[in-house]
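# Topology and contacts: notes
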Amino acid sequence: MAVKDRDRFSTATRLRALGEQTAARVYRSQTKRQARRSRLTSRAALLALVLCSLIVALAYPIRQYVSQRAEVADLERQQDQARERVEQLRDLKARWQDDAYAEQQIRLRLHYVMPGETGYIVIDPDAAKQSRADQGAAARPWYANVWDGVDKSDRAAR
């Protein structure tokens, strides 16, 4: 047992134990470093850089594509409206080719009557009052109307 105790306190034994402890600490610190090591490797960083570059490079063309598609849709809508208007005008032209329709419109719009007929025009009393108010402005000289317009616009600006 004396040999064992003496071996226990010998310098070589103590150095060996100290070396083992140090090696264990180094091994533990390396494993902790590896555990803490970032998951972002150089390959992942390169991949992220390439993806970001592609996104930036494709952003403008995609935006242009979307805006052009919207413009094309707008132009198609306008074209459809123009086609509808052309159809309406064709129908109107065809109606005007009919003598009965033309006669009806002439009587209605121009107040024409056939020979031997008596034409009557019914006036709305409210419209007559309104037209008299307009005549007040027409009876005055033109420069008075202009000056009143300037005064009204000046009051509206305030």
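Note on numbering: residues in each chain are counted from 1, in written sequence order. In keeping with the predicted nature of the model, local features appear solely for residues at pLDDT of at least 70, side-chain atom pairs appear and are counted solely at 80 or more, and the whole-chain, interface and lining totals rest on all residues. Neither water nor hydrogens contribute to the side-chain values; these are computed over all heavy atoms in the structure.

### Some points on the overall build of the chain
The helix and strand tally for the chain stands at 6 helices and 0 strands. Strands here mean DSSP runs of E at least two residues long; helices mean DSSP runs of H or I at least four residues long; both are numbered from the N terminus. Put simply, the chain runs from its N terminus to its C terminus through helices and strands in the order α-α-α-α-α-α. The classification of residues rests on relative accessible area computed with a 1.4 Å probe and restricted to protein chains. Under 20% of the type maximum is buried, over 50% is exposed, and intermediate values are partly exposed. Every one of the 158 residues in the chain was classed for burial, and the buried ones make up 3%. For the chain, the exposed surface amounts to about 15100 Å²; the carbon and sulfur share of it is 58%. Method for areas: the Shrake-Rupley scheme with a 1.4 Å probe, in which residue coverage is limited to the protein chains shown.

### Focus: the packing of helix 3 (residues 42-97) against helix 4 (residues 99-110)
Only the contacting stretch of a helix is used when fitting its axis, a line to C-alpha atoms as for every element, and angles between N-to-C directions run 0 to 180 degrees. Orientation of helix 3 relative to helix 4, taken along the N-to-C sense of each, is 90°, at an axis distance of 5 Å. Considering the angle they form, helix 3 stands roughly perpendicular to helix 4. Two secondary-structure elements touch here, helix 3 through Leu92, Arg95, Trp96 and Gln97 and helix 4 through Asp99, Tyr101, Ala102, Gln105 and Arg109. Throughout, the term roughly parallel applies to angles under 35 degrees, roughly antiparallel to angles over 145, roughly perpendicular to angles from 65 to 115, and oblique to all others. Contacts are assigned to residue pairs that have any heavy atoms within 4.5 Å of one another.

### Thoughts on the side chain of glutamine 105
Secondary-structure assignment places glutamine 105 in helix 4. Every residue in contact with glutamine 105, bar those within four places of it in the chain, is listed here: Trp96 and Leu110.

### Examining the environment of valine 113
One can find valine 113 in the loop between helix 4 and helix 5 (125-139). Exposure remark for valine 113: the relative accessible area of 40% places this residue in the partly exposed category. Note: C-alpha distance between valine 113 and glutamate 103 (10 residues apart in sequence) is 9.7 Å. Not counting residues up to four positions away in its chain, the partners in contact with valine 113 are Thr118 and Gly119.

### Focus: the packing of aromatic side chains
Two rings from Phe, Tyr or Trp (for Trp, the six-membered ring) form a pair when their centres sit within 6.5 Å of each other. Planes less than 30 degrees apart are called stacked, planes more than 60 degrees apart edge-to-face, and all others tilted. Scanning the entire structure with this criterion turns up 2 aromatic pairs. An angle of 80° between the planes, with centres 5.3 Å apart, marks the rings of tryptophan 96 and tyrosine 101 as edge-to-face. Residue tryptophan 96 is classed as partly exposed on the basis of its relative accessible area of 34%. Seen in terms of ring centroids, tryptophan 142 and tyrosine 143 are 5.9 Å apart; in terms of plane orientation they differ by 80°. Their pairing is edge-to-face. Each member of the pair, tryptophan 142 as well as tyrosine 143, is classed as exposed.

### Regarding the confidence of the model for the chain
For every residue, the predictor reports its confidence as pLDDT, a number between 0 and 100. On average, the chain scores 83 in pLDDT, and the residues at 70 or more come to 81%. Helix 1 (residues 2-8) is the least confidently modelled element of the chain, averaging 57 in pLDDT, while helix 3 averages 95, the highest of any element.

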